[in-house]
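# Observations on the three-dimensional arrangement
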Amino acid sequence: MPLPKLRVSSDRRILETETGEPFFYLADTVWCMFQRLTYEESDLYFQTRAYQGFNAYQVAALSEEDGLRVPNRYGHLPFADLDPAKPVEDYWRHVDRVIAMAEDAGLYTVLLPTWGDKFNRKWGVGPEIFNPDNARAYGKWIADRYGERAIIWCMGGDRPLESEVHRQVVRAMAEGVRSVIGDSQLLTFHPAGGTSSSEWVQDEPWLDFHMLQSGHSGFDNPNWDMITHDRALSPARPVLDGEPNYENHPVMSARGSRWAPTGRWFTDHDVRKSAWRSALSGACGYTYGCHDIWQCYDPGLVIPKNFARTNWRLALELPGAQQVRHVKQWMQQIGLPARIESAPRMITGADDLLPAELPIAGKSADGRFAFLYVPAAGLYEFDLATLATPTRCTYLNPTTGDVLQQHPLHGKTLDLDHEGPQDLLLLVE
């Protein structure tokens, strides 16, 4: 059965299906799939992620890892002579089949027509093959091929738009896609680390929703601030974090002009923090990432990038990937329909907290309920005065989604002594 078409809601805050059902975008990141996985391996990936509750995956048609000159697992390159006007049919038939396989498993393909190093090499391998003219033609060609599939289009590809030519290339490719699909599929933009699409393409009419890359270099990158910023822009658009902390990625620190590993690795706890902090800031979805899976790391076939250490098949079962479903569950059930808004004034006494300890509060637009997320053990104070009639607090385990206990509320304040060991989610209603 075909997946329903997606659209932006009439209030421009969330994504929804064509019948008006709220849709919480929960994607995984597997940029190199078309280049590095076989059909059978792709099927294993989709079946696992569907079981874990994902409804989308992010992938590049032209891989970051020298995808123009290093063939896929069947020996095929995407183009002859590095020319986007000369597609190699065998390569694209493979892409066809994998996208169809994803749909059968219930996952939307979030498709980057190209990784950004193909128009702004920057730190990548390139080569740069796109200009405004062939970018428009390529956008039209690829949309002709996939305009009837369950696709969310994603321009950009982890590169800043540093020149007018870069902007023209992205605009032309997006307009080429839009000329085919009209309003039948969504378009977004994948930005460089630490930035949002709002920094690069805020004024572009083809953009449907914002995507930010809060990044995976250091702990507790403030995606909640970035989301709050983008939600306040005009025209209003939904927003989500499309590249936060990757599970099993080394934590990096800046040393001069280079990034160096610190000996620590992002865990499922880091994943939960970024997921809940973004969701309760009003995000329309969340993208999970695993360092081993985005690059489809296989020790027998692939040279590890940035200290990858786990075979991608084993990494499919890492705990963070099995926990983010609970964010989707609660947001899909009551968060998105009620339109969660960031509620920082509910948090009191937080001035002396470290970033790792900083809670987040999100309340429904009608003030009927609020979610409070506490990332670490400690003493926390919440002001419930903006809620209508809070009478009950439900304690939830973010790791399992289980209800731990319920307590009646008396008054308009909540003092919490959280003993840990890690995080806690409260539903106040």
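The structure reproduced in this document is the subject of the present report. Model, not experiment: these values are computed from the prediction.

Definitions and cut-offs
Residues numbered from 1 in each chain as written. Predicted model: local features only at pLDDT ≥ 70, side-chain atom pairs only at ≥ 80, totals over all residues. Heavy atoms only, no water. Helix = DSSP H or I, 4+ residues; strand = E, 2+ residues; numbered from the N terminus. Rg over C-alpha atoms; globule rule 2.2 N^0.38 Å. Buried < 20%, exposed > 50% of the residue type's maximum accessible area, 1.4 Å probe, protein only. Areas by Shrake-Rupley, 256 points an atom, 1.4 Å probe, with all protein chains shown as cover. Lys, Arg positive; Asp, Glu negative; His and termini not counted. Charge placed at Lys NZ, Arg CZ, Asp CG, Glu CD. Core = buried A, V, L, I, M, F, W, Y, C linked by side-chain atoms within 4.5 Å. Salt bridge = Lys/Arg side-chain N within 4 Å of Asp/Glu carboxyl O. Pairing = 2+ DSSP bridges. Axes fitted to C-alpha atoms, helices over the stretch in contact; angles between N-to-C directions.

Secondary structure assignment for the protein chain yields 12 helices and 23 strands. For 429 residues, the compact-globule formula gives about 22 Å, and the C-alpha radius of gyration of the protein chain, at 21 Å, lands near that figure. Seen through its principal axes, the protein chain has C-alpha atoms that stretch 70 × 45 × 45 Å. Across the 429 residues of the protein chain, 59% fall into the buried class. About 16800 Å² of surface is accessible on the protein chain, with carbon and sulfur atoms providing 51% of the total. For the protein chain, the distance from the average site of its 41 positive side-chain charges to the average site of its 56 negative ones is 2 Å.

In this section: the nonpolar core. Soluble globular proteins: nonpolar side chains tend toward being buried together. If you look at the biggest cluster of nonpolar residues, it comprises 106 residues, and the most contacted ones within it are Tyr57, Trp153 and Met331. Counting 21 residues, the second largest nonpolar core, distinct from the first, contains Ala350, Ala370, Tyr380 and Phe382.

What follows deals with the pattern of salt bridges. Under the counting rule described, the total for this entry stands at 31 salt bridges. Here Arg49 and Asp28 are joined by a salt bridge, their closest N and O atoms 2.8 Å apart. Taken as a pair, Arg49 in helix H2 (residues 39-51) and Asp28 in strand S4 (residues 25-29) lie far apart in primary sequence, 21 residues in all. A salt bridge links Asp117 to Lys118, with the nearest nitrogen and oxygen atoms 3.0 Å apart. The exposure class assigned to Asp117 is buried, which follows from its relative accessible area of 0%. Since its relative accessible area comes to 0%, Lys118 is described here as buried. Linked by salt bridges that have partners in common, Glu89, Asp90, Arg93, Asp96 and Arg145 make up one network.

Next up on the list: the sheet that holds strand S21 (residues 403-408). Here six strands make up an open sheet; going across it, the order is S15-S17-S18-S23-S20-S21 and the pairing antiparallel. Only two strands of the sheet have a single neighbouring strand rather than two, namely strand S15 (340-342) and S21. The average undirected angle you get between the axes of adjacent strands in this sheet is 20 degrees. Sheet topology note: the strand S18 (residues 370-374)/strand S23 (residues 424-428) ladder contains five bridges and is antiparallel. The residue bridging Tyr373 from the neighbouring strand is Leu425, located in S23.

Burial analysis of strand S17 (residues 360-364) places five of its five residues in the buried class, the great majority of the element. The pairing of S15 with S17 spans three bridges and is classified as antiparallel. Paired with Glu341 across the bridge in S17 is Lys363. Across four bridges, the pairing between S17 and S18 is antiparallel. Bridge assignment links Ile360 to a residue of S18, and that residue is Tyr373. The turn linking S17 back onto S18 is made up of five residues, and Gly367 within it adopts a positive phi angle of 75 degrees.

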